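Report on the structure
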Amino acid sequence: MSAVFEQIFQVGFLAAIIRIATPLAFATLGEMFSERAGVLNLGIEGIMLLSAMTGFTAASLSGSLWLGVLAAVLTGMLMGALHALFTVVLGLSQHVCGIGVTLFSSGLAYFLYRLIFGQQSVPPSIKGFQTLPIPVLSDIPVLGPAVFNQFALVYMAILAIPLAAFVLYRTPWGLSVRMVGENPRAADSAGVSVIATRFQAVILGGALMGLAGAFLSMAQFNAFTFGVVSGRGWVAIALVVFGRWDPWRSAGAALLFAFVDALQLRMQASGLGHIPYEAFLMLPFIFTIIAMAVMSRNAVAPSALLKPFRREER
Amino acid sequence: MFRLEVRTSTPAWFNLALPLLAIGATLVLCSGLIALAGAGVIEAYGVMFTASLGDSYAITETMVRAAPMIFTGLAVAVAFRAKFWNIGAEGQLLAGAVASCFVGAIPMPGPLAMVLMAVAGAAAGAAVALVPATLRVKFKVDDVVSSLLLNSVIYYALMALIEGPWKDSFSGYPISPPIEDSANFPVLLEGTRLHLGVVVALIAAPLIWFLIVRTTLGFRIRVTGENPEAARYGGIHVERVLISTALLSGALAGLAGVGEVGGVHFQVMSDISPGYGYSGIVVAMLARLNPLGVVPAAIFLAAVMTGAEAMSRATGVPAFLSDVIQGTALLAMLVALLFTAYRIRRVGAAR
């Protein structure tokens, strides 16, 4: 048994957790901003896929990975704006629009990818991001090589967590976001533009979802495949709820999920496949559903989530 | 000057005009992608049409593809009527497929097997839909998120089955064992894949329409959706109606899976549904939640899917155009629905 533990808990294992958590952290923070402003964005799955595609394409055509990241972020913002246009400006139902955005974005991603790269037996790949050891910090035993010898995007994700918390809890804009998500009527009376704030929050969310997509196709897989996202967007939806719409808790939830996922991968690799790996992949969804039932007593979800705001309606 | 005014009622012809407007706008928008791919727009849409609706064989293929979307479309339409936001038709379909595959693999007389497959599939779908409905009624849990997340749970359960106990030990492929030959749904037209399940789907639509429009349960479902306070005031047990709606909706989605197992694939694999559950949302919205409208809406989407492959072979435009059309159609329909809420009125020329 101890041999098993040794095999599982190594530096490589810790590094794998961080790497699996990175796109989830970006996506979860993105979804959190959107939901804190009162807009559920079910377009996340498709937005991540389309961003992964545009990022990969831009990087592979230009040869610049950072140009790829930029393309992915812009794609995320654009699709976020589309979702915001429908749900915030036009006040259409958020869940149906979100599914529409996901169907549209995924379809567009498949279509454009096939158009640009054609049908190839081996999918084209790029030389993705390389690890970037941080001097001194990467020399810390165990933690150093696992956390501080990572891709640049990983560091960005780590920095994004306190930054998101700061923006949400310590800036006037963050206050506006929380207000329009909790009580848009009061926010409106206080002179906060509900429409503009929600629009901005959904677009910021889209940018973060774009980073998640960029990480998948340019750091994790170094290629775009149709299964590159494979449900990670839905995982993020679950993690936001599980993390109670808080940046720290949501990121913690992403880390926890990454731990379970990495464990599952290790157990498969080490031939300990008594428990089907799918059982582990199911866990975040089951836990979230249970958590929703438990938490429902002390409503923590943004009160105005799913509710469009129209000024003239009282 | 023009002004937006809130509409109090919508004329009946809107039910037909709005979907047609949305579909028209979708085809115009997506023609940009065809042009981008360097093909003729008219030619591409022409091939798409002939390959899906141009001859009797093509029509049967389109109908085979429409059948699961009629069921998921009905499932979503029924649920949305009660404002039970069932985004989980995909998972309910998969549960129905798995359950019917279990039953279909048991040797027994064919007709009995088919009936039991349908019962098991419907029950499995209903059981899955019961989870978000119960959570909403008992714990006030948001049904959008819980029903969506259940899709992933069911998908992984299906994967665990076909990569575990069900795995084909001979080939090693992650597919379930096939159902008994006698349980295969009869083909109605020699030389086609048109199976009994397609007819059942076509019969189900008017039945569900009757249920919604003409029965007490249907009335309760509609009132619960339109005005739960009034429903409660009028003595309707809203919670019970939501549970009944979920059972009905889940059962319908489960039947979509039954048809795919009994009439098309005869076994279960990971890609048994190319997102028919999500397409059901598109179908239901295009149909304006009218069960009778679900049939043409499902046929439209099925025709796009069937036609896209032929269009791709003939013109080189990627067949994924059908996915874009589906997403665009849903968004366009949502925008078109604004016309039911508002009207544009001309007001005095100058201020």
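Before reading on, note that the structure itself is shown above.
A short tour of the structure in this document, coming up.

Cut-offs and rules
Residues numbered from 1 in each chain as written. Chains lettered and ligands numbered in written order. Predicted model: local features only at pLDDT ≥ 70, side-chain atom pairs only at ≥ 80, totals over all residues. Helix = DSSP H or I, 4+ residues; strand = E, 2+ residues; numbered from the N terminus. Rg over C-alpha atoms; globule rule 2.2 N^0.38 Å. Buried ≥ 20, exposed ≤ 12 C-beta atoms within 10 Å, placed from the backbone. Contact = placed C-beta atoms within 7 Å. Nonpolar A, V, L, I, M, F, W, Y, C, P; charged D, E, K, R; others polar. Pairing = 2+ DSSP bridges.

1. Description of the overall build of chain B
Counting its regular elements, chain B contains 14 helices and two strands. The globule rule puts the C-alpha radius of gyration for 351 residues at 20 Å, and the 21 Å found for chain B is close to it. Taking the principal axes of its C-alpha atoms as reference, chain B extends roughly 80 × 60 × 30 Å. The buried share of chain B, reckoned over its 351 residues, is 54%. A separation of at least 24 residues holds for 78% of the contacts in chain B among residues at least 6 apart in sequence.

2. Description of the environment of Gly80 of chain A
Residue and element names in this part refer to chain A. Position of Gly80 relative to the elements: it lies in helix H4 (residues 65-89). Spatially, the C-alpha atoms of Gly80 and Ile99 are 13 Å apart, while their sequence positions differ by 19 residues. Excluding residues that lie within four positions of it along the chain, Gly80 makes contacts with Ile47, Val202, Ile203, Gly205 and Gly206.

3. As for the interface of chain A and chain B
Facing 36 residues of chain A, the contacting portion of chain B comprises 37 residues. Split into classes, the residues belonging to the side of chain A that touches chain B amount to 27 nonpolar, seven polar and two charged.

4. Examining unusual backbone geometry
Even without being glycine, Leu306 of chain A reaches a positive phi, approximately 75 degrees. Along the chain, Leu306 of chain A falls in the segment after helix H13 (277-295).

5. Focus on the pairing of strand E1 (residues 2-6) of chain B
Residues and elements named next belong to chain B. Judged by how many residues are buried, E1 sits mostly at the surface: zero of five residues are covered. Relative to strand E2 (residues 342-346), E1 runs antiparallel, the two being bridged by five bridges. Bridging from a neighbouring strand, Glu5 pairs with Arg343 of E2.

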